[in-house]
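# Fold and geometry: a report
Each chain is listed here by its residues.
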Amino acid sequence: LLEVPTMAVEKVFVYNNTSIVQDEILAHRLGLIPIRADPRLFEYRNQGDEEGTEIDTLQFQLKIKCSRNPQAAKESSDPNELYFNHKVYSKHMTWVPLGNQTDLFPDADFRPVHDDILIALLRPGQEIDVLMHCVKGIGKDHAKFSPVATASYRLLPDITLLQPIEDEAAETLQKCFSPGVIEIQKIKGKKVARVANARLDTFSREVFRHENLKNLVRLARVRNHYIFSVESTGILPPDVLVSEAIKILMGKCQRFLNELDSVPME
């Protein structure tokens, strides 16, 4: 969340903005748009550098103007019919190569992760003309650099049926858990419940509402089995995020060991 770097809009040069969105708010909204660009291809920009270079900056342009649709019906009140470009989306951001970036990244497709992020609404005559500089940063400095939307972990559920549960009781038990946790098998003409996939359980305690079932089921957790969930913003795949985070953790551990070795022992 905090230390895996990404590329995000850091500076916005506003040449023209006649929309109702103030310049500061527009710059803030642009900064929060996730950019599909591998941060491992770029260097950190030095503090104090006003001008970016091809090794530390990605440049995007957003230039759009709203106009009336002369073909629209007079009785229409739908803005989608009345106006052209009245909605400014992230798809309108275009990459402007800096220096020799065209040669450095011949197959690159630098763009926002999603094309349908709404940035602003315009009316005829209003326009936005801005230039954006994306730099490399980490979530510890600003949330816009965080490549992870949600990261969580939980212990693996452990569900044990203490004795056979059959027929109606089996069907009731199945309804007490998330779909896929309990399955019903037919054995010798009887419906018998069994634990199919305890991993799908959400730690519901619904089973304890039923007097005939609460003493037949034991709910626990495997204390040494963790399930990590990492939801990416789309900048990098989750498996890459986890591997990069592990590399950062290993680097921290190595620095700690080096510091321990450098301390004189009495």
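Starting afresh in each chain, residues are numbered from 1 along the sequence in its written order. At least 70 in pLDDT is required for a residue's local features to be given in this predicted model, at least 80 for side-chain atom pairs to be given and counted, and no such filter applies to totals for whole chains, interfaces and linings, which use all residues. The side-chain quantities take in all heavy atoms of the structure and omit both hydrogens and water.

The nonpolar core is taken to be a set of buried Ala, Val, Leu, Ile, Met, Phe, Trp, Tyr and Cys residues, with the residues joined through side-chain atoms within 4.5 Å. Exposure categories follow from relative accessible area, calculated using a 1.4 Å probe and restricted to protein chains: below 20% of the type maximum is buried, above 50% is exposed, and the middle band is partly exposed. Membership of the largest hydrophobic core comes to 26 residues, with the highest contact counts inside it found for Leu30, Leu62, Met93, Ile119 and Ile128. Here a strand is any run of E in DSSP of at least two residues, a helix any run of H or I of at least four, and the numbering for each starts at the N terminus. Mapped by element, the contributors of at least two residues to this core are β1 (6-17), α1 (23-31), β3 (58-65), β9 (118-121) and β10 (127-137). In this view, Met93 contacts Leu30, Ile33, Ile35, Phe60, Gln61, Leu62, Pro112, Ile119 and Met132; residues no more than four positions away in its chain are not counted. Counting 14 residues, the second largest nonpolar core, distinct from the first, contains Leu173, Val181, Ala198 and Leu216. Contacts are assigned to residue pairs that have any heavy atoms within 4.5 Å of one another.

Further remarks concern α1. Taken residue by residue, α1 has Leu26, Leu30 and Gly31 as its buried positions. Considered in projection along α1, the buried side chains sweep an arc of 135 degrees and stay on one side of the axis. Structurally, α1 contributes buried residues whose contacts are with β1, β3, β9 and β10. Each direction from the helix axis to a C-beta atom contributes to the arc, which is the arc of those directions.

The aromatic pairing rule takes the rings of Phe, Tyr and Trp, using the six-membered ring of Trp, and pairs them if the centres are within 6.5 Å, calling planes under 30 degrees apart stacked, those over 60 edge-to-face and the rest tilted. Inspection of every chain in the model, using the stated rule, returns seven aromatic pairs. Plain terms: the ring middles of Tyr226 and Phe228 are 6.4 Å apart, the flat faces sit at 40 degrees to each other, and that makes the pair tilted. Tyr226 sits in the partly exposed class, given a relative accessible area of 46%. Note that Arg221 overlies the ring of Phe203, its terminal NZ or CZ placed 4.0 Å from the centroid. Criterion for a charge above a ring: Arg CZ or Lys NZ at most 6 Å from the ring centre, at most 35 degrees from the ring normal.

Before going further, it helps to spend a moment on the pairing of β3. Bridging between β3 and β10 involves eight bridges; their strand directions are antiparallel. Counted as the bridge partner of Lys65 is Glu127 from β10. A pair of strands is treated as paired once DSSP finds two or more bridges between them. By the bridge criterion, two bridges tie β3 to strand β7 (residues 94-95) in an arrangement that is antiparallel. In the strand pairing of β7, Phe60 is matched with Trp95.

What follows deals with the domain arrangement of the chain. Domain delimitation in this document rests on an assignment produced automatically or drawn from a domain database. Parsing the chain into structural domains produces domain 1 (5-146), domain 2 (155-226) and domain 3 (227-262). Taking only C-alpha atoms, the centre of domain 1 and the centre of domain 3 are 30 Å apart. Carbon and sulfur atoms make up 63% of the area that domain 1 and domain 3 hide from each other, which totals about 680 Å². Whenever Lys or Arg places a side-chain nitrogen within 4 Å of a carboxyl oxygen from Asp or Glu, that contact is recorded as a salt bridge. Run the count over domain 1 and domain 3 and you get one salt bridge. The salt bridge partner of Arg40 is Glu244, with a shortest N-O separation of 3.5 Å. Tallied by class, the residues present in the side of domain 1 that touches domain 3 amount to five nonpolar, three polar and three charged. Summed over both partners, the accessible area (1.4 Å probe) lost when two parts come together is defined as the buried area. By the convention adopted, Pro, Cys, Tyr, Trp, Phe, Met, Ile, Leu, Val and Ala count as nonpolar, Lys, Arg, Asp and Glu as charged, and the other residues, Gly among them, as polar.

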